[in-house]
Structures are given as C-alpha cells and as structure tokens.
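Results of the structural survey
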Amino acid sequence: MAVTIEDLYRSYGILADAKDNLSQHKDAYQVIVDGVKGGPKEKRLAAQFIPKFFSSFPELADAAINAQLDLCEDEDVSIRRQAIKELPRFATGDNIPRVADILTQLLQTDDTAEFNQVNAALISIFKMDARGTLGGLFSQILQGEDIVRERAIKFLSTKLKTLPEDVMTKEVEEYVFAETKKVMEDVTGEEFVLLMRVVSGLRVLQTVNGRQQLVELVVEQAFLEQALNPADPDTVDRLLQCTRQALPLFSKNVHSTRFVTYFCEHVLPNLSTLTSPVAELDIQLEVLKLLAEMSPFCGDMEKLEANLNMLFTKLLEFMPLPPEEVENGENSASEEPKLQFSYVECLLYSFHQLGKKLPDFLLDKVDAERLKDFKIRLQYFARGLQVYIRQLRVALQGKTGDALKTEENKIKVVALKITNNINVLIKDLFHNPPSYKSTVTLSWKPVQKAEAVAPKRPSTEEMGSGGSTKKQISPQSRRDARQIYNPPSGKYSASIGNFNYGEFLQNKTVCSPMILIIHYYSEKVYS
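As the structure is a prediction and not an experimental result, all values here were calculated from the model.

Points about the overall build of the protein chain
In terms of helices and strands, the protein chain carries 22 helices and two strands. Taking all contacts inside the protein chain whose residues are at least 6 apart in sequence as the whole, residues at least 24 apart take part in 73%. Surface summary for the protein chain: the accessible area is close to 24700 Å², and the carbon and sulfur share equals 48%.

Pasting the structure below:
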C-alpha cells in the first residue's frame, strides 16, 4: 500500500516526539523512507524528512541514502533540487566519500540552478571532511563517465583555491597532489592544463622543492625523451602546452635546462616545418618566444656549444645580408630584404642568455669567415634598426594619454620596445670581445617596477625626445604588456594563441626604404 501524506506526517510526529527513544521507532522511519515511492507531494516531504532522522537509524543507512539518491534523479526538477539540497546531511563518518561520489555524478546536470546547488553541496561537505570529499571526487575522475570527469576536474580547478587553510591542510594538499599524479597518467590537453592549475595553487608546493616536483610532472607529460614529429599538430600542441605550464615555475633555483635543450636539439632544426595546432597561430614566433622566456633560467647544459651553434645558425637565417650594389651604388635587387624584428628579438635574446655560459663562443668556436659574415649581417640590421627607431620616436613624440591608446600607436609602442631590445643586444655583440652584460625586458613581458623608474638621463629605451621620457611610456607599457602563455580553453582551441599579425608602417612619412615587418599581439585577453 502506497505511503500517503498523512502517513508521512504521522511518522514524522512519532519520531519528533520520541526524543531519546528514536531507535525504538524504526518502523516509523521506514514509512518515511518508503515515501519516495509516492507521488510528487510525498516525495518532497520524504526528501526533507529522511535526512532529518538519518543519523538515528544506522541499520537503515543504505536504504535511506539510496532513497534520497532516487529523489536526486527524479523527473521533477523541484524534487531533485530539494533532495540535492539535503544530501550534505548524510555526510557523516564513512558516508562522506559516498555522498561526495554521488554529488560528483550529479555535476553532469544541464540545469543551471541544480548545477549550482550541487556545487554548493560539495563545498559544504568539503568543510566537514576535505579528505573524504576528495576521495569521492577523484573516484569519479578516475573511473566515471567523461562528462562527470570533465566537470569534476573543472570543479577542483575553480573551487579548491577558494577554500581556507583550515580546510586545505598540508595533509589534504599532499593527498590532492598524489591523486592528481595518478590522473595525469592519462589526460587530454585541456585536462592537463586544468590539473596543473590545481596543483600549482597548492601552498605545500610553493617551495623550491615543490616547484621542482611540478616541473618533473610537466616533463613527464612533455615526452622530452622522444624526438619531435614537426608534422604532427598534436605533438606540437602537447609541447607548447607543457612548456607554457612549466614557464611560471622556472627560477634561478628551478632550471629550464631540459626544455631549453629540447628546443635547441629538436625544435629549432625543424622550425620551418612545424605544423601549427591552430590556423591563426604563428607557430615559429610562438616557439621562439617560449625559448626566449626560458633561456634565463637554463642551468648547466651538456651540449652547450652545439646548442649555441644551433641558435647562432638559426639567427643567421633571420638576419639577411645587405643587397649587392651595382657600380653606381644603387641596389641591384628590386626589393630590400625583410627585417623580421620579432623573430630576431627572440633569437638574439636566447643567444645572449646562453652566450653568458660560453662567452668565448664567437671568438674561439666560430670560424673567421662565418664570424665576418655574422658581423656584416649585424651591421646591416643595426643600420635599418637605427632608422626605424628614429622614425618611431618621431611618430610617438608628444603623444600621451588617449593618443597612445589608439590601435596604431599601441603597435608603435610595442615596435619601439622590440627595436630597442634588439639595439641593446646588438651593441653587446659588437663589443670586442663580445659582452653579455646588458639586461632587457622582452617586448611582450610586463615592465618590472625597478625598470619603470625614470633614470637620471634619457636612454635608448625612452620614447621620443625633449620632454618625452619614460614618464609617458611606462604606464602605457604596463597596460599593454601581458603574459601571452595563458592556458587555452580547449585541447586544440583557437584561443591557444590567437594573435594578430600584420605589417607596420603603412604611413609613408614613417616607412623606411626597407620592408619592415613587425609582428604584434592583438588586444585579445584570454579567459
């Protein structure tokens, strides 16, 4: 016989009046549990009454949880929400992992209000027992359906960082790291990025040893022991994503040596044949930027000379020889060589950083003819550079505030950063012997506070002449500068690196006789 509303209220009354003798009224609680088999009204009451007296009837615990779970899967959304809201009341003792497991499965709902309710319920039981809740979550991540796994990982990546220290204790964080390493054994690109976000935020890993452990985790995913297949976009994408995740971890104590070595030995030789995972991405420039950012943190390298030689060879490819001249002194070529400043900035910077480790490379390791050829290319590039810098300063002179916010002027500001950097690095290499002492901030990196202070006299990195100093360009530089290696939103999403590229200097009053190509970043900010 079906349980009625009257039966439910009668049984509730018996239990409410029993006080200390609740366990003697098992039959009354059974009636409430059986209420889930009734109509909508009976189900709503049962959803509220079952958890209220749950702890008093351990022998009916399984039946009660299963009954509540049936209500969480009811066709009536209002019943489901009521049942989900009450689920945390079942989270006691050994039941917490099971309740967390159930709530994790419920993350697959497409109803927004219901989804938010599941999130709130998970957070509430986290505060009761973080370790037990994580047990349920990771159980579903490792064994659950794809949609459940995906949403559970996203839950961890967004919610763990919001929990206080008394919930996310050292022991809990160590458990998160251990379980995450198990999940990392088989992940997609998007899952890898999200899980790295989880473990990178753990306080227990904010030490040199902790960051080194994170780097090791990334190295395992990057397959640095394997040769690179430049024609496979999946392989290239994996390397890019892993390198982006490792970059923030590198420091003077946590070295980038294995990544820099791999780029020199496997990526640079295949630079022109790399297959981009995203159509809009300039894959060559992206790779060179990653290498440049890693190079200051490179430690002792086994094949330093060979890797420097590869960088040197690649640099020569992007630094053209001057065009031949006919007897009257005019260029014989109909078109001037292209000066690809963005590529050269990256390669020069990387060469400059690794060159510090072998300062006699250009003197003793490069033959005389090759060195002469290099200096001719440097001189030609430097001449074009000086003309270009002067033109940019004239174009930007006197512009402040809103005038510098136009798209055209933003591009010019970035162009000036790039050319100033190259100019400083070339001057170092022109020293005899070559010097590696100058310090520059890569054009796409934020300007450090110490560098933003105006010096006593104008330098080559200042904009304009007269009264136009760093006081004008520094705030704009900080606004424009941004980290470009944010994680993509999907494994092969277009937002992996959605840059805009174009030719600069369309205005004839600014354009030099050469074709000057500047690659620049768009204002797109990644989510």
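Considerations on the environment of proline 248
Structurally, proline 248 is set in the loop between helix H13 (233–246) and helix H14 (257–267). For proline 248, a relative accessible area of 64% corresponds to the exposed category. Placed 37 residues apart in sequence, proline 248 and arginine 211 show a C-alpha to C-alpha distance of 9.4 Å.

Brief notes about helix H6 (residues 96–106)
Most of H6 sits out of view: eight of its eleven residues are buried. Those residues of H6 that fall on the buried side of the exposure criterion are Ile96, Val99, Ala100, Asp101, Ile102, Leu103, Thr104 and Leu106. Next to the buried residues of H6 lie helix H4 (61–72), helix H5 (77–86), helix H7 (112–128), helix H8 (130–143) and helix H9 (146–159).

Side note on the packing of aromatic side chains
Under the counting rule described, the total for this entry stands at 15 aromatic pairs. Ring centres of tyrosine 9 and phenylalanine 49 lie 6.1 Å apart, and the angle between their planes is 70°; this geometry places the pair in the edge-to-face category. Of this pair, tyrosine 9 sits in helix H1 (residues 5–18) while phenylalanine 49 sits in helix H3 (residues 40–52); the two residues are 40 residues apart in sequence, bridging distant segments of the chain. Residue classification places tyrosine 9 among the partly exposed positions, given a relative accessible area of 48%. Aromatic side chains phenylalanine 126 and phenylalanine 155 sit 6.2 Å apart centroid to centroid with 20° between the ring planes, which places their arrangement in the stacked category. In this pair, phenylalanine 126 sits in helix H7 while phenylalanine 155 sits in helix H9, placing the two residues 29 residues apart along the sequence. Phenylalanine 126 sits in the buried class, given a relative accessible area of 1%. Classification of phenylalanine 155 by relative accessible area gives buried; the value is 3%.

Description of the pattern of salt bridges
For side chains of opposite charge, pairing can occur when their charged atoms come near one another. Following the criterion strictly, the structure yields 21 salt bridges and no others. Measuring nitrogen to oxygen at the nearest pair gives 3.0 Å for the salt bridge that ties aspartate 7 to arginine 10. Pair noted here: aspartate 7 and arginine 10 are both in helix H1, with a separation of three residues, about one helical turn. Linking glutamate 86 and arginine 89 is a salt bridge whose minimum nitrogen-to-oxygen distance equals 3.1 Å. If you follow the salt bridges from partner to partner, you end up with Glu150, Lys154 and Glu190 in one network.

Looking at the confidence of the model for the protein chain
When pLDDT is averaged along the protein chain, the result is 84; 83% of the residues meet or exceed 70. Under a pLDDT of 50 for its full length, residues 450–527 has, in the predicted model, 178 contacts with residues more than four places off or in other chains.

Examining the nonpolar core
Counting residues in each nonpolar core, the largest one holds 159 residues, and the members touching the most others are Tyr29, Leu103, Leu362 and Phe374. Looking at this core element by element, the count peaks at eleven residues for helix H19 (residues 368–396). The residues contacting tyrosine 29, other than those within four sequence positions of it, are Leu15, Phe49, Ile50, Phe53, Phe54, Phe57, Leu60 and Ala64.

Things to note about the packing of helix H15 (residues 283–294) against helix H17 (residues 341–355)
Packed helix pairs are specified by the crossing angle of their axes together with the interaxial distance, meaning the distance between the axes. Close contact between H15 and H17 brings their axes to 8 Å; oriented N to C, the two are set at 30°. On the basis of their axis angle, the class for H15 and H17 is roughly parallel. Viewed along their axes, H15 and H17 form a crossing whose handedness is left-handed. Here Gln284, Leu285, Leu288, Lys289, Leu291 and Ala292 of H15 come into contact with H17, specifically with Ser342, Tyr343, Cys346, Leu347, Tyr349 and Ser350.

Describing unusual backbone geometry
A cis amide bond links asparagine 432 with the next residue in sequence, proline 433, at an omega value of 0°. In this fold, proline 433 is placed in the loop between helix H20 (407–430) and helix H21 (449–452). Even without a glycine there, the phi angle at phenylalanine 223 is positive, about 55°. Here phenylalanine 223 is to be found in the loop between helix H12 (208–222) and H13.

Considering helix H16 (residues 304–318)
Compared with an ideal rise of 1.5 Å per residue, which puts 15 residues at 21 Å, H16 spans 21 Å between its outermost C-alpha atoms and is within 8% of the ideal. Every buried residue of H16 is accounted for by Leu304, Asn307, Leu308, Leu311, Phe312, Lys314, Leu315, Leu316 and Phe318.

A look at the packing of H3 against H5
The N-to-C vectors of H3 and H5 enclose an angle of 5°; their axes lie 9 Å apart at closest approach. For the element pair H3 / H5, the angle class is roughly parallel. Seen from H3, the contacting residues are Pro40, Lys43, Arg44, Ala47, Gln48 and Pro51; seen from H5, they are Ser78, Ile79, Gln82, Ala83 and Glu86. Residue composition of the contact of H3 with H5, by class: five nonpolar, three polar and three charged.

So, the environment of methionine 128
Note that methionine 128 resides in helix H7. Classification of methionine 128 by relative accessible area gives partly exposed; the value is 45%. Considering only alpha carbons, one finds methionine 128 and isoleucine 96, 32 residues apart in sequence, at a separation of 8.7 Å. In contact with methionine 128, other than residues within four places in its own chain, are Pro88 and Ala91.

So, how was this worked out
- Residues numbered from 1 in each chain as written.
- Predicted model: local features only at pLDDT ≥ 70, side-chain atom pairs only at ≥ 80, totals over all residues.
- Heavy atoms only, no water.
- Helix = DSSP H or I, 4+ residues; strand = E, 2+ residues; numbered from the N terminus.
- Contact = heavy atoms within 4.5 Å.
- Areas by Shrake-Rupley, 256 points an atom, 1.4 Å probe, with all protein chains shown as cover.
- Buried < 20%, exposed > 50% of the residue type's maximum accessible area, 1.4 Å probe, protein only.
- Phe/Tyr/Trp six-rings, centres within 6.5 Å; stacked < 30°, edge-to-face > 60°.
- Salt bridge = Lys/Arg side-chain N within 4 Å of Asp/Glu carboxyl O.
- pLDDT = per-residue confidence, 0-100.
- Core = buried A, V, L, I, M, F, W, Y, C linked by side-chain atoms within 4.5 Å.
- Axes fitted to C-alpha atoms, helices over the stretch in contact; angles between N-to-C directions.
- Parallel < 35°, antiparallel > 145°, perpendicular 65-115°, else oblique.
- Left-handed = near helix turned anticlockwise from the far one by under 90°.
- Expected span 1.5 Å × (residues − 1).
- Nonpolar A, V, L, I, M, F, W, Y, C, P; charged D, E, K, R; others polar.

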